[in-house]
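# Inside the fold
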Amino acid sequence: MKSPSLLSALFITSLASLSQAQTPAVVAPKPVAEVPKLTEAQVSNVLTQLKELENQILQMRGNNLSTVLTKLRAGLASDQAATSLYLECDRLVNSERKEADKAEARRRQEAMERNIDRKGGGGGGGAKADDEGEFALAIRFGLQYLIMTLEAHEAKDEDFKKMVPKLQSYIQELVAAAPKLKGRSANYLNTALTGRNPIIEAFQLERFLEREGWSTRPLDFGSMYSQTILPLAEEENKESLPALWDARINAEGAFKKENMPEPEFILWTQNQVPALRWARARYLYEKGPSPINAMADMLKLIKENPNHPDAPGWVKELRTMVNEASPTPVSESAEKPASE
């Protein structure tokens, strides 16, 4: 591939040539590639071989993933099993594959073990260590979400719907473990499905993580609900959407209450909770069982939070919705706020 500077030079030269041209150049149409013609026998032969290869590939893929899932599930057995798997994968990725010197590899492994054994970045335990959470527990949650992600990737549509209860159970477990998932531990878990994770690299799982309708963020409650839980509920049971939104807001609030310092949590409650409630009402207005109830929720929210930074925008948005739903046209003067 040409370097950016060379491409820029070529581009400037081309522009200069065009500006000096007296007449526009005639671009000859590109010849259309001729599609090869196969005999009926050739078509049948190739398609038969492709079918056999497809079956073979799917079988090998299933066997390989099954082996990987068995190893990952073994890591869920305990904190020790999880850290052992993590260290084994790190040794493979950062020492063996890079052909590191044995002494250097041993020093890295010992440093990694010390890093996992300590609770936090302050060393020596105490309040500072507690602020960093339990890294081994974060590894286990990362493994749990990775397993669900691989299952979701391979699931057919009907089986994919069965991932919702698993995801909801995972969220409940996260909330319960919130006091132990702080600082460094929370940061690890939030990026546990990226290529920087030695477990992902060791098993070369990057291409098995993306699935439409599934989040790859193990700590992102919002994306779990918006990408998976809510869309499936839209298809199956719209009446459940208000309660699901409440569960989404409550879960995030409960997690952050245990995960954040109290002053930060107070600010989050003042600023983010009303914004989440507005997002809930707007969503239910568009996709929920009762747009009227959603507008009532919006009006209630504005009354309860007149000092919120987003309140002026909420008023304008709700006014537009009411005018659109009005049985008779609303005059321009009636639409203006009283202050005008």
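## Topic: the packing of aromatic side chains
Summed over the entire model, instances satisfying the criterion amount to 11 aromatic pairs. Consider the rings of Tyr 86 and Phe 135, whose centres lie 6.0 Å apart with planes at 85 degrees: the pair is edge-to-face. Taken together, the residues Tyr 86 in helix H3 (residues 79-96) and Phe 135 in helix H6 (residues 135-154) connect sequence positions 49 residues apart. As far as the burial class goes, Tyr 86 and Phe 135 line up, both buried. Members of the aromatic cluster, each reached through a chain of ring pairs, are Phe 141, Tyr 145, Phe 160, Tyr 170 and Trp 214. Here Arg 184 stacks its cationic end above the ring of Phe 135, 4.6 Å away from the centre of that ring. Arg 211 extends its terminal NZ or CZ atom over the ring of Phe 160, reaching a point 4.0 Å from the ring centre.

## Points about the nonpolar core
By size, the foremost hydrophobic cluster in this structure holds 66 residues, and its most contacted members are Leu 72, Ile 139, Leu 146, Tyr 170, Leu 181, Leu 189 and Ile 199. Considering each element in turn, this core owes the most residues, 12 residues, to H6. Contacts of Ile 199, omitting those with residues within four sequence positions, involve Leu 72, Tyr 86, Cys 89, Ile 139, Leu 143, Leu 146 and Tyr 188. Counting residues in each nonpolar core, the second largest holds 10 residues, with Ala 281, Ile 302, Leu 318 and Met 321 among its members.

## Thoughts on unusual backbone geometry
Although it is not a glycine, Gln 204 sits at a positive phi angle of roughly 50 degrees. In this structure, Gln 204 sits in the loop between helix H10 (198-203) and helix H11 (221-236).

## So, the confidence of the model for the chain
Scored by pLDDT, the chain has a mean of 83; 77% of the residues are at 70 or more. Scored below 50 in pLDDT, residues 1-22 shows 2 contacts in the model against residues more than four places distant or in partner chains. This stretch, residues 120-127, has a pLDDT under 50; its non-local contacts, to residues over four places away or in other chains, come to 5 contacts.

## Considerations on the side chain of Arg 211
By the element assignment, Arg 211 lies in the loop between H10 and H11. Taking relative accessible area as the criterion, Arg 211 reaches 18% and is therefore assigned buried. Not counting chain neighbours up to four residues away, the residues in contact with Arg 211 comprise Ala 152, His 153, Ala 155, Asp 157 and Phe 160.

## Topic: helix H8 (residues 163-176)
Counted at 1.5 Å a residue, the expected span for H8 with its 14 residues is 20 Å, and the 20 Å between its end C-alpha atoms agrees. The set of residues buried in H8 consists of Met 163, Val 164, Leu 167, Tyr 170, Ile 171 and Leu 174. Taken around the axis of H8, the buried residues stretch over an arc of 120 degrees, which confines them to a single face. With respect to the buried face of H8, the exposed residues turned more than 90 degrees away are Gln 172 and Ala 176. As for H8, its buried residues are in contact with H6, helix H7 (157-161), helix H9 (183-190), H11 and helix H12 (241-259).

Definitions and limits used
- Residues numbered from 1 in each chain as written.
- Predicted model: local features only at pLDDT ≥ 70, side-chain atom pairs only at ≥ 80, totals over all residues.
- Heavy atoms only, no water.
- Phe/Tyr/Trp six-rings, centres within 6.5 Å; stacked < 30°, edge-to-face > 60°.
- Helix = DSSP H or I, 4+ residues; strand = E, 2+ residues; numbered from the N terminus.
- Buried < 20%, exposed > 50% of the residue type's maximum accessible area, 1.4 Å probe, protein only.
- Lys NZ or Arg CZ within 6 Å of the ring centre and 35° of its normal.
- Core = buried A, V, L, I, M, F, W, Y, C linked by side-chain atoms within 4.5 Å.
- Contact = heavy atoms within 4.5 Å.
- pLDDT = per-residue confidence, 0-100.
- Expected span 1.5 Å × (residues − 1).
- Arc of directions from axis to C-beta.

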